[in-house]
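# Analysis of the macromolecular model
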Amino acid sequence: MEIFKTRAEVHTYLEQLKLRGKTIGFVPTMGALHQGHLSLVKAAGEKANVVVCSIFVNPTQFNDKNDLENYPRPIEDDIKKLEEADCDVLFRPEVEEMYSSNDKWHMELNNLDNVLEGEVRPGHYQGVTQIVKKLFDIVRPDFAFFGQKDFQQFVVISYMVNKLGVDVQLIMCPIIREKDGLAMSSRNVYLSNQDRQNALSLFMSLTKAKADFGELSIPQIKKNAIKYLSKVAGIEMEYFELYNKNTFEPASFPQTENIIALVAARVGNIRIIDNMLLSNK
Ligand code: AMP
């Protein structure tokens with residue numbers, strides 16, 4: 001695997017491969033890699049000739065300074081995992097390489113940045129679009145791979161790509177879970193045993209909502225989930241919502257297709273998010 005730390009070097013290297021007719025599959029990450037990330041690397045390898053992964057803990061998307069400082073950065077382990085997963089290129093810049101002191105960014109995001117994750121984490125999606133646009137400009141991928149785990153992020157990036165006319169195909173990959181159902185996340189390493197147990201309630205609330213779908217009305221499903229989550233000791237629910245996955249607006253009452261349930265909670269000091277498609281379509 002080739003490892004680059006500067007924009008210029010990785011850009012030049014990839015442009016040469018593109019000139020030789022190679023397609024580029026790109027997997028942007030913040031590192032602390034787990035099977036979820038590696039499933040994206042695998043999907044990229046199946047679709048493109050060259051797999052590029054980036055590891056960059058992007059400061060502009062954090063609205064909690066402690067979260068940024070404490071974010072895990074096991075770079076040697078990550079490199080080993082990427083090599084084992086047959087990743088071709090790793091781009092791992094320092095913050096100064098990606099941002100100058102007078103960097104400014106604001107993009108209209110059609111209100112997508114004001115709901116759910118955007119509401120709880122003001123500025124988060126401005127930071128996400130800022131860094132993803134920079135990375136797309138450097139890597140110029142044919143395909144870019146993102147996890148359904150961050151469903152709203154995929155919706156926001158799709159909006160940005162359409163609006164700015166970026167020439168890339170976005171591909172969403174399924175959520176990879178632990179055996180008991182907990183969605184894998186880099187932050188899970190910080191859960192105590194008890195918190196780890198409590199965190200499972202998010203997955204349970206989604207599974208229950210899916211089982212109830214078709215039997216109960218949308219408002220009733222939401223009500224039951226909120227009631228269930230509010231009874232779990234040790235978690236503080238932030239939202240549980242049923243959305244139309246295509247319009248990313250709250251699901252309307254008689255709707256039977258394209259429904260996704262999205263949930264977020266604080267478990268101890270850690271924020272956990274998860275989601276599940278309820279309808280088959
Ligand atoms: P992150 O390093 O958390 O920014 O995530 C990098 C990419 O990995 C994003 O596209 C995430 O949606 C994706 N990802 C994170 N966790 C999972 C998971 N459990 N399953 C699938 N994809 C994931």
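A brief report on the enclosed structure follows. Since the structure is predicted, the reported quantities are computational estimates derived from the model, not experimental observations.

Between helix 9 (residues 193-212) and helix 10 (residues 218-231), the shortest axis-to-axis distance is 10 Å and the interhelical angle comes to 155°. The orientation of helix 9 with respect to helix 10, classified from their angle, is roughly antiparallel. Classified by chirality, the crossing of helix 10 by helix 9 is right-handed. The residues of helix 10 that touch helix 9, namely those facing Ser201, Leu202, Met204, Ser205, Ala209 and Asp212, are Ile221, Asn224, Tyr228 and Leu229. Taken together, the residues that form the contact of helix 9 with helix 10 break down as six nonpolar, three polar and one charged.

Taken together, 17 residues surround the ligand, and among them Met30, His37, Asp150, Ile176 and Met184 come closest. Take Met30: an N or O atom from its main chain is 2.9 Å from an oxygen atom of the ligand. In the environment of the ligand, a nitrogen atom lies 2.9 Å from a nitrogen or oxygen atom belonging to the backbone of Met184. About the coverage of the ligand: the protein hides 92% of its 480 Å² of free accessible area. When residues of the shell around the ligand are traced back to their parent elements, those giving at least two are strand 2 (24-29), helix 2 (35-47) and strand 5 (143-147). For the shell around the ligand, the element with the highest residue contribution is helix 2, accounting for three residues.

Cut-offs used in this document
Residues numbered from 1 in each chain as written. Predicted model: local features only at pLDDT ≥ 70, side-chain atom pairs only at ≥ 80, totals over all residues. Heavy atoms only, no water. Axes fitted to C-alpha atoms, helices over the stretch in contact; angles between N-to-C directions. Helix = DSSP H or I, 4+ residues; strand = E, 2+ residues; numbered from the N terminus. Parallel < 35°, antiparallel > 145°, perpendicular 65-115°, else oblique. Left-handed = near helix turned anticlockwise from the far one by under 90°. Contact = heavy atoms within 4.5 Å. Nonpolar A, V, L, I, M, F, W, Y, C, P; charged D, E, K, R; others polar. Near = heavy atom within 4 Å. Polar contact = N/O pair within 3.5 Å; in protein donor to acceptor, adjacent residues only side chain to side chain. Areas by Shrake-Rupley, 256 points an atom, 1.4 Å probe, with all protein chains shown as cover.

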